[in-house]
Structures are given as structure tokens and as C-alpha cells.
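Observations on the model geometry
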Amino acid sequence: MLPFALSFFWLHAASQIKILKGTIKDAYSDEPVPFASMELKNAKAGRLSDSAGSFVFRFDGWPKDTLVVSYVGYQDYKLAIDSSFVSHAGNKGMININIKLERGKYQNEIVVRKKVDFGLLMWKRIVRRKKFNDRYRFNNFSYELYNKLELDLDHVNKEKMKEKKLLRPLSFVLDNIDTSEGSPFLPVYLTETLSDYYYQKKPVRRREVIKGSKTIGVDNPSLSQLLGGMEQNVDFYSNFIAVFDKKFVSPISDHGDDYYRYKVVDTQFVNSKKFFHLIFTPKRKGQSTFEGDCWVHDTTFAIQKMNLRLSEDANINFVKQLSLIQEFSLLNDSTWFLDRDKFVVYATLIGKNKGAFIGRKTTTYKNIVTNDSGITKELDKNKNIEETILEPGSRNRPDSFWANHRHETLSKNEKAVYVMVDTLLKMPIFHKYVNYVNFIATGYLDVYKKYQIGPWFSWVYSNVLEGLRLRFDLGTNRYFNKKLILHGYAAYGFGNQQWHWEGDALYVIRKNPRLTLYGMYKQDLDFGQQYYDEISSDNIFALAFRKANIPIKFIHIEQKKLELFKEWHSGFSVTLTGDNKAYDPAMNLPPKRNYPSTTGQALNSFEVSVKLRFAYLEKFFENNFYRISLGSDYPIIDFKYTRGISGALNSSYNYNKISASVSDYKKIPPLGTLYYNVFGGKTFQTLPFPFLDIAPGNEIYYYNPYAFSLMNKYQYLNDRYAGINIEHNIGNGLFRFIPFTRKLKFRQFWTAKALWGSLSNANKLYNTSPDYTFQTLNGKTYLELGTGVDNIFKFLRLDLVWRLAPTPEPPGSASGFGIFGSFRIDF
């Protein structure tokens, strides 16, 4: 009877115990906050959360008290425990809560006035041991990598969105809005990638085999490759850490003490191992640095976990908040290896919250192997030092594959994203909306499924020769043919009442390595070579930017061109071209009658050329037919030989031309980025001006990085030339010392463009005309220097350019000083 009575008494007492439990997390990154200090204000009692951020309080009855949660780098969190709190929680005996800590309190926390700076000593020990703790210390390693990327729209107002007429057909999407964490957000897209990654230190070789890639609704193999581990590597042990296209100084950089203050704030034991808690903050405002904290193993001084956050005054666009988290685990008693990393970015395109989105990337690592001969055998399959391979069928894996192979199960929101996107892709109106947005952004619109019109910004133009010019483009798209794309346009000038047109075709024989055949016929004005970020001469926007009092030059061209392009895995490519051009100057240039010919048609040439290009490990983003270069970590070398053949297709000229260039775009942290292009060429025969080298001038106030800003088009003629183009983007530079410009995130740069050229006496005599006078440098230097302000309102750049040579100023030249503007989007 006594045991029964005792049991009854114990159960009754247990039923009176009240339990408050939960987890403490970062409100932004959703990462657990370990060892946070928790205190009951009235009871003067407290404890720490555990290594996973969890906690449990037990009470004989619900107290009337305030729970204060504090942690370095965060604002204090206060929770009133009273009858209202208990009632709201449902009067349960156990209440489970999630506490979200907001960031703050970093500015004045690190003040070191001690004789011994233990934070600095800890940093020195970490740096000293980097070569023993960085994963790149191994001769080779491999792992299975799982990448998950989620995109959410933030501050979504469900009621207002439902009122918008255009969105009513898609209103079901709003049912996925999550209101559990602060402002309501809508998960809109999710991608997953599973791959095997291999690395070797000497000689350096990398290989990634993508076993599965889930990019629902996006049919693009190059995107799958970019979402793998090859392009997503972040190494906290390196001196600089990439954030978008910027490089920030790592807190454990070899020179970190020049940029950070350090402080040891705590010591904890986890699984019988001792860890120091080190926090760090920037020494100066406006530099490319982080703030954050890390846990350091006391024996190996290896990082167990590091949290990096961008400070509010970091010079990066559109990013309101950003977190980088890496966790490391033990492979054995003393070997640490990367186990998990997480990247969370909160970005706003317009204002504080308009156009806001949250990107969350989580990467986990399994099956880690180091210093193994099997890795070498796998890397021996490489044809290049770096390769990313898509396994057959990897982009179409069934749901069962992902259920068995993903490293962590999907959350409720993540599962809902797949269902939502799948539903949208089945709705014709969704595809219609996507087409319209693409039309506004790129200028091209798909019509009747297989065809495409655009670009719209070339449809209307006006000039003194043609008057009002209307143009219409029509082409095919990937639904017409997966390997062949056709395009053509017709334009009519109401002033001279003439039609112009062009037709071209591209056939992609093979995508990797690339092999294409291109053909084109054109009869139009020659608007010159256009670059990807330049406003072309037949663009509606060019009307507002043209310089005053500079006569516009017009020359007609009839062109037939056939081009074969072949590329190898090594980055070497060859372009073979046959090109027939017939010119007819129309205004403000020497007329065709000045160049009579007895062997063919005047100003008519036929030439064949061979262009050799070497771009080692160049990366691309490509669609079905075209691709955009993402650059290379190495210089890009071009060489071209051209042979003009008289008599072919009524050509009048025999000649030989050579040209070459070496260009590179390099990140040079902490000094920003540097672009350079060294170029030169020579023409060996006497020729009319269209077939010589015409130095690239700029006659509009829109800045062209590849042209000479204070030089007119057709101003300088050369048959021998060499030049250099340099642009150094410093970052915030001097602007970071001025609070106003630092807040506006202005950026500083300088440019230098030089050209050395000459023209033979024979070519001078042949191209001398009372109708137009060409100038030549006669071996002297043409030099422009510039500086200015970049990142004005995040989109604008202002260039101030001076021409320092030649002196005195040549007749007919533009002013020796100019102000130019341009638009650009840059993080």
C-alpha cells in the first residue's frame, strides 16, 4: 500500500510542475544561438542555452517574472511570463516557444584597454594553425555535396495582392504566404543539386560530377553547373571571402588585425571538448569587412563554427542583411573538416522593403574522404584541370531519387514551392506574363510560340540622312528548331525613302565544346561594332545623348558573311570567316568616286580570316543558342590574320592584316578590381579608309569603356597601331572617409586609354580628299585619363575624362574635357 501511495504522490507532484522549453535562433538566418545567457529577472536565477540553442526551465507553478535572453552581437530579448502569456499559450503544463534574437549591440562591445589583448592572441593562434586546419591542406579530398537554394519574396501583403487585377488568376499562390516569422514572406522558387566533388592540391585539379539537379521550370544545363559545388566554394580560412562579385577581408586573414578588433567573451565545453568564443568587429567603417563571432577548439585552434554578417555600412548594393555560416566537424580525434555552410541574403531592389526578397542557400557535406588514391583515379578522367560533368539523366531525376538522396528533408514551405511552381507551369496565363516581363527587360517577345520579335528599342530611330526610321525584327526561337535560329529585319527611312534589311542564321552543331556555323546578309548603314553594354547608333536612347556640333558620318554597307567557329575543352578556339563587304559613303565621308578601281568594284573587298583565341577555364552562362562569358581567372589572348583577295565577288583589293590583344579582369582585394586590354595591329598594303584601322571614337555622352571618349568616329586613321585600356575600380576609396558619401555608397575609379598609331605616306596620299580630312598620330601618343563617381543611386556612373595628348589640340577635335554618364547594375 505504501509504494502505491508514494507513486500517487509523485505523479500528483509531477503534474504540478510547469515546463518552459524552446530554442533560441537568429531572427534573420534561422540558425540556433548556442550558449545564450538566460535570466529570470525577479528570481535572479538563470542558465545558458545548450550547444544547439535549446533550453528547459521547470517551475513548481507558473511564476510572475521576466525572462531576459542576451547574447553578444544581439539585442536583449525580454519575455514577460504572466497570466496573459500562460493563457495565450493555452494554460498548458508545458509551453514550447521559439525565441528570435535581432542583431545589434556590436558597435561598442569590443573596447580593448588591457595590457594583454587575449582576443588578438587568439587570432594569432588561429592564423598560425591555418595551414593545419584548412581543408586545402590535404593532398586530395572528396565528398558528396548537397546544395539547396530557396528564394522568397518578403513583405507580401496578401489582401493588396488579391486586389490587383493582373494577379487574380494566380491568387492561389498567395495561400503559401508564411506569417510565422516576422514579416510575411512567400516562398517562390527552390533548386536542389547533388554531386560528388574531387580536389587535388598538386598539381591542382578539380572535378564535379552532378548526380542530380532539380531546377523545375528552368531548362538550362549551364545553370545546373553553376549551382554545383565548383562555383559555390567558400573558404573562411582564405584571406578574402567572395560575396557576390566583391571580395571581403576574412576575420582570420593573415592581415586580419589590420581590419578587425577581437575579443574572447566565453569558454564552453561540448562533448568534453573546450571551445573559446571569439567575437570580431571592423576597426574602421566602410571597409570590405564583416562582423560576427566564432567558436574555436582550444587544442587545435580550429574553427568549429563561424558566423559572418555584413555591417550596415558595407559598400554593397541591394543587400540589406547578409549572413554566412560555416560549421566544421571532426573526422577523427584532431582532424576538422567542413560539415555545413549556409548563406542567407535579404535584398531590396527598390527602397527599404519594396521588391524585397530573401535568398537562402544551404550546403551539406557527406562521405568525406582525404588523401586517397581513388580520388586521383577519378581526377585522371579530366581533360582539363577543372571539369563539371552532368550525369545522363541528372536533370530529370524522379522524386524517389531525391527522397532517398537529399541530405535533409524538405520543410513544409519547400514542399509547397514545388507544388506551386508545377501548377504555374501548367497555366497559359503564367507563360504569357513571363513573356511580357522578358519583352520589357530584354526587348524580345515570343509570338505564335515558334517566333520572336524585337528588340523593341531599335524599332524607332531618327537621323539627318534617313529622317524617321522604323524597323521591325522577326526571328525564330528554340521551339522552331533546337539547333537553328533565324533572324531578320526590315527598316525604312522616310527621309531618303530607302529600305534596308538583314537576314542571318546560326546553326549550333555542338554545344560542348562549341561548334557553330553562322551566315549573314546585310544591306544597311554601317553603325560600327557594338559592345554588350554600349548604346548603339540606331538605338532610340542614343537620340538623347549625341554630342552637339559633331557631324554624324554615314556609310552604306552590303555584306555577305559565312563563319565557322570551333572550340576545344582547353579554352582554345578557331574562327574561320569569309566576308564580302561593299561600302558606299553617304554623308560627311570621302565619296566612293575618290577610289576608282580597274580590277573590281570600288570599295568592295572579299577577305578570309583566321581568328585564334585562348581563354583558359572561361565560364559561360548560355541558353539554347547564345552564351554570355562570365570571364576567366586568366588573361584572354586573341590573334587574327586577314587576307584580302582581289577578283573574288568583285573585290578590288589584295591585302594582309594582323591584329592581337591580351585582356584580363582581375580582382585585387582589398584594392578592388582591375581591367586591362593591350592591343595592336598592322595593315601591309595601301587601301581605302574602310579597310584600314579606324580608331574607335565616341560621339555620344553615354560612356563607352571600349572607345576613346574625346575622339570622334573616323577621326584617326592608322595602318599600324598599338594601345592599352586600363580601368581600376577602387571601391569606396576616399568616399568612405566622408559620412555622407559613405552612406550613399559612392565608389571611386580611374581610367587610362592610350593609342600609338601611324599611317604610311602611300595611305596618307590615297586617303587625302577635299571632302574629308583624316588625321593620323604619326607615331605620337593619344592619351585620355579619367576618374569619377560610380554607384550613384546604385545605377548611375559619372565619368570625368581629360585628353592629355596630343598637344596642341588637333583641328576638328572634341573638347579636351568631357563629362559622360552610363547606367550599370552592380552589387
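Residues numbered from 1 in each chain as written. Predicted model: local features only at pLDDT ≥ 70, side-chain atom pairs only at ≥ 80, totals over all residues. Heavy atoms only, no water.

**Some thoughts on the overall build of the protein**
Across its full length, the protein carries twelve helices and 42 strands. In the protein, which comprises 827 residues, the proportion classed as buried is 47%. The contacts of the protein with a sequence gap of at least 6 include a subset with a gap of at least 24, amounting to 63%. Roughly 41,200 Å² of accessible area belongs to the protein as shown, and the carbon and sulfur atoms make up 58% of that amount. (Helix = DSSP H or I, 4+ residues; strand = E, 2+ residues; numbered from the N terminus. Buried < 20%, exposed > 50% of the residue type's maximum accessible area, 1.4 Å probe, protein only. Contact = heavy atoms within 4.5 Å. Areas by Shrake-Rupley, 256 points an atom, 1.4 Å probe, with all protein chains shown as cover.)

**Section: the packing of aromatic side chains**
Considering all chains together, one arrives at 43 aromatic pairs under this definition. Here the aromatic rings of tyrosine 260 and phenylalanine 280 are separated by 6.0 Å at their centres, their planes lie at 80°, and the arrangement is edge-to-face. On the criterion of sequence distance, the pair formed by tyrosine 260 in strand E13 (residues 260-270) and phenylalanine 280 in strand E14 (residues 273-282) is long-range, its members being 20 residues apart. Pair check on accessibility: tyrosine 260 and phenylalanine 280 agree, each one buried. An angle of 45° between the planes, with centres 5.4 Å apart, marks the rings of tyrosine 653 and phenylalanine 691 as tilted. Of this pair, tyrosine 653 sits in the loop between strand E33 (636-644) and strand E34 (655-667) while phenylalanine 691 sits in the loop between strand E35 (673-683) and strand E36 (693-694), and the two are 38 residues apart along the sequence. The exposure class assigned to tyrosine 653 is buried, which follows from its relative accessible area of 7%. Using a relative accessible area of 4% as the deciding quantity, one classes phenylalanine 691 as buried. Of the aromatic side chains, those joined through ring pairs into one cluster are Tyr136, Phe138, Phe141, Tyr143, Tyr197, Tyr199, Phe337 and Tyr365. The ring of tyrosine 479 is capped by lysine 449, whose NZ or CZ atom sits 5.5 Å from the centre of that ring. Against the face of phenylalanine 749 rests arginine 797, its NZ or CZ located 3.9 Å from the ring centre. (Phe/Tyr/Trp six-rings, centres within 6.5 Å; stacked < 30°, edge-to-face > 60°. Lys NZ or Arg CZ within 6 Å of the ring centre and 35° of its normal.)

**Digging into a nonpolar patch on the surface**
On the surface, Tyr507, Ile509, Leu517, Leu562, Leu564, Leu576, Val610, Leu612, Phe639, Tyr641, Ile658 and Phe684 cluster together into a nonpolar patch covering about 950 Å² of accessible area. For the nonpolar patch, the elements supplying multiple residues, two or more each, are strand E26 (498-511), strand E28 (554-567), strand E30 (604-615) and E33. Note on placement: leucine 562 falls in strand E28. (Patch = residues over 30% accessible without salt bridge, like charges linked within 9 Å, V, L, I, M, F, W, Y side chains within 5 Å. Salt bridge = Lys/Arg side-chain N within 4 Å of Asp/Glu carboxyl O.)

**Observations regarding the side chain of aspartate 134**
Within the secondary structure, aspartate 134 sits in the loop between helix H4 (130-133) and strand E8 (140-154). Despite its burial, aspartate 134 pairs with no opposite charge, the nearest such side chain being arginine 135 at 5.2 Å. Not counting residues within four places of it along the chain, the set of residues in contact with aspartate 134 comprises Asp235 and Tyr237. (Lys, Arg positive; Asp, Glu negative; His and termini not counted.)

**Quick notes on the pairing of strand E31 (residues 619-622)**
In the case of a regular strand, side chains alternate between the two sheet surfaces. Direction of pairing for E31 relative to strand E32 (residues 627-631): antiparallel, over a ladder of four bridges. Across the sheet, the residue bridging to lysine 619 is glycine 631, located in E32. The hairpin formed by E31 and E32 contains four residues between the paired strands. (Pairing = 2+ DSSP bridges.)

**Thoughts on the nonpolar core**
The nonpolar side chains of a soluble globular protein tend to be buried with one another. With 70 residues, the main nonpolar core has Leu20, Ile24, Leu67, Phe290, Ile303 and Leu324 as its most contacted residues. The residues contacting isoleucine 303, other than those within four sequence positions of it, are Ile126, Tyr237, Ile252, Cys294, Trp295, Val296, Phe328 and Trp336. Residues Trp402, Val421, Leu424 and Met427 belong to the second largest nonpolar core, which totals 18 residues. (Core = buried A, V, L, I, M, F, W, Y, C linked by side-chain atoms within 4.5 Å.)

**Focus: the pairing of strand E27 (residues 514-525)**
In terms of burial, E27 is a largely internal element, nine of the twelve residues being buried. Across ten bridges, the pairing between E26 and E27 is antiparallel. Within E27, the position partnered with alanine 505 by the bridge is glycine 519. Note: E27 against E28, eleven bridges, orientation antiparallel. When the bridges of E28 are listed, threonine 516 appears paired with phenylalanine 565.

**Overview of unusual backbone geometry**
The step from proline 669 to proline 670 runs through a cis peptide bond, and the omega angle for that step is 5°. Note on placement: proline 670 falls in the loop between E34 and E35. Put simply, alanine 805 and proline 806 share a cis peptide bond, and its omega is 5°. Positive phi, normally seen in glycine, also occurs at glutamine 497, with a value near 55°. Positionally, glutamine 497 belongs in the loop between strand E25 (484-493) and E26. With a relative accessible area of 59%, glutamine 497 lands in the exposed category. Not every positive phi belongs to a glycine, and asparagine 549 is a case in point at roughly 65°.

**Details of the pattern of salt bridges**
Within this structure, the stated rule accounts for 40 salt bridges. For arginine 207, the salt bridge is made with glutamate 378, and the minimal N-O distance between the two is 3.3 Å. Here arginine 207, found in strand E10 (residues 205-214), pairs with glutamate 378, found in helix H7 (residues 373-379); they are 171 residues apart in sequence, far enough to count as distant. Aspartate 826 is the partner of lysine 246 in a salt bridge, and the nearest nitrogen-oxygen pair spans 3.5 Å. Placement of lysine 246 in strand E12 (residues 246-249) and of aspartate 826 in the segment after strand E42 (817-823) is noted, with a sequence separation of 580 residues between them. Classification of lysine 246 by relative accessible area gives buried; the value is 17%. Because the salt bridges share partners, they merge into one network encompassing Glu31, Lys305, Glu327, Arg340 and Lys342.

**Focus: the sheet that holds strand E3 (residues 45-48)**
Paired through backbone hydrogen bonds, the strands of a sheet run either parallel or antiparallel to each other. Spatially, E3-E2-E5-E6 is the arrangement adopted by the four strands of the open sheet, whose pairing is antiparallel. Every other strand in the sheet has two partners, leaving E3 and strand E6 (77-81) as the edge strands with one partner each. Between one strand and the next, the sheet's axes are offset by a mean angle of 15°, whatever the strand orientation. (Axes fitted to C-alpha atoms, helices over the stretch in contact; angles between N-to-C directions.)

**What about empty space enclosed by the protein?**
For the structure shown, the criterion picks out two cavities of 30 Å³ or more. Empty space within the largest cavity amounts to approximately 90 Å³. Pro32, Tyr74, Asp293, Asn307 and Arg309 are the residues nearest the centre of the largest cavity, which is lined by 16 residues in total. If you list the elements that add at least two residues to the lining of the largest cavity, you get strand E16 (303-310) and strand E17 (319-330). For the lining of the largest cavity, a count of residues per class yields seven nonpolar, three polar and six charged. Size it by volume and the second largest cavity reaches roughly 30 Å³. Among the elements of the structure, strand E39 (747-758) and strand E40 (781-792) are those that each provide at least two residues to the lining of the second largest cavity. Of the residues forming the lining of the second largest cavity, the biggest block, three residues, is contributed by E40. Residue composition of the lining of the second largest cavity, grouped by class: three nonpolar, three polar and two charged. (1 Å grid on protein atoms, 1.4 Å probe; cavity = no way out; pocket = protein on both sides within 12 Å on 5 of 7 lines; lining within 4 Å. Points joined across faces, edges and corners; volume = space filled by probe spheres on them. Nonpolar A, V, L, I, M, F, W, Y, C, P; charged D, E, K, R; others polar.)

**Some details on helix H3 (residues 118-128)**
Along H3, the residues that are buried comprise Gly119, Met122, Trp123, Ile126 and Val127. The buried residues of H3 all sit within an arc of 135° when viewed along its axis, so they share a single face. Turned more than 90 degrees off the buried face of H3, the exposed positions are Phe118 and Arg128. Where H3 is buried, its residues contact H4, E13, E14, strand E15 (290-297) and E16. The opening residue of H3, the one whose side-chain oxygen lies 3.2 Å from the backbone nitrogen of glycine 119, is aspartate 117. (Arc of directions from axis to C-beta. Polar contact = N/O pair within 3.5 Å; in protein donor to acceptor, adjacent residues only side chain to side chain.)

**Focus: helix H9 (residues 412-425)**
Its 14 residues give H9 an end-to-end C-alpha distance of 20 Å, which sits within 8% of 20 Å, the value for a rise of 1.5 Å per residue. Of the positions making up H9, those classed as buried are Glu414, Val417, Tyr418, Met420, Val421 and Leu424. On the buried face of H9, the contacting elements are E8, strand E9 (185-200), E10 and helix H10 (428-442). (Expected span 1.5 Å × (residues − 1).)

**A short note on the sheet that holds strand E7 (residues 94-101)**
Ordered in space as E4-E1-E7, the three strands form an open sheet in which the pairing is mixed. Edge positions in the sheet fall to strand E4 (54-59) and E7, since each has one partner strand and no second. Sheet twist, expressed as the mean angle between neighbouring strand axes with direction ignored, is 20°. With six bridges joining them, strand E1 (residues 18-26) and E4 adopt antiparallel strand pairing. By the bridge assignment, lysine 18 is partnered in E4 with phenylalanine 59.

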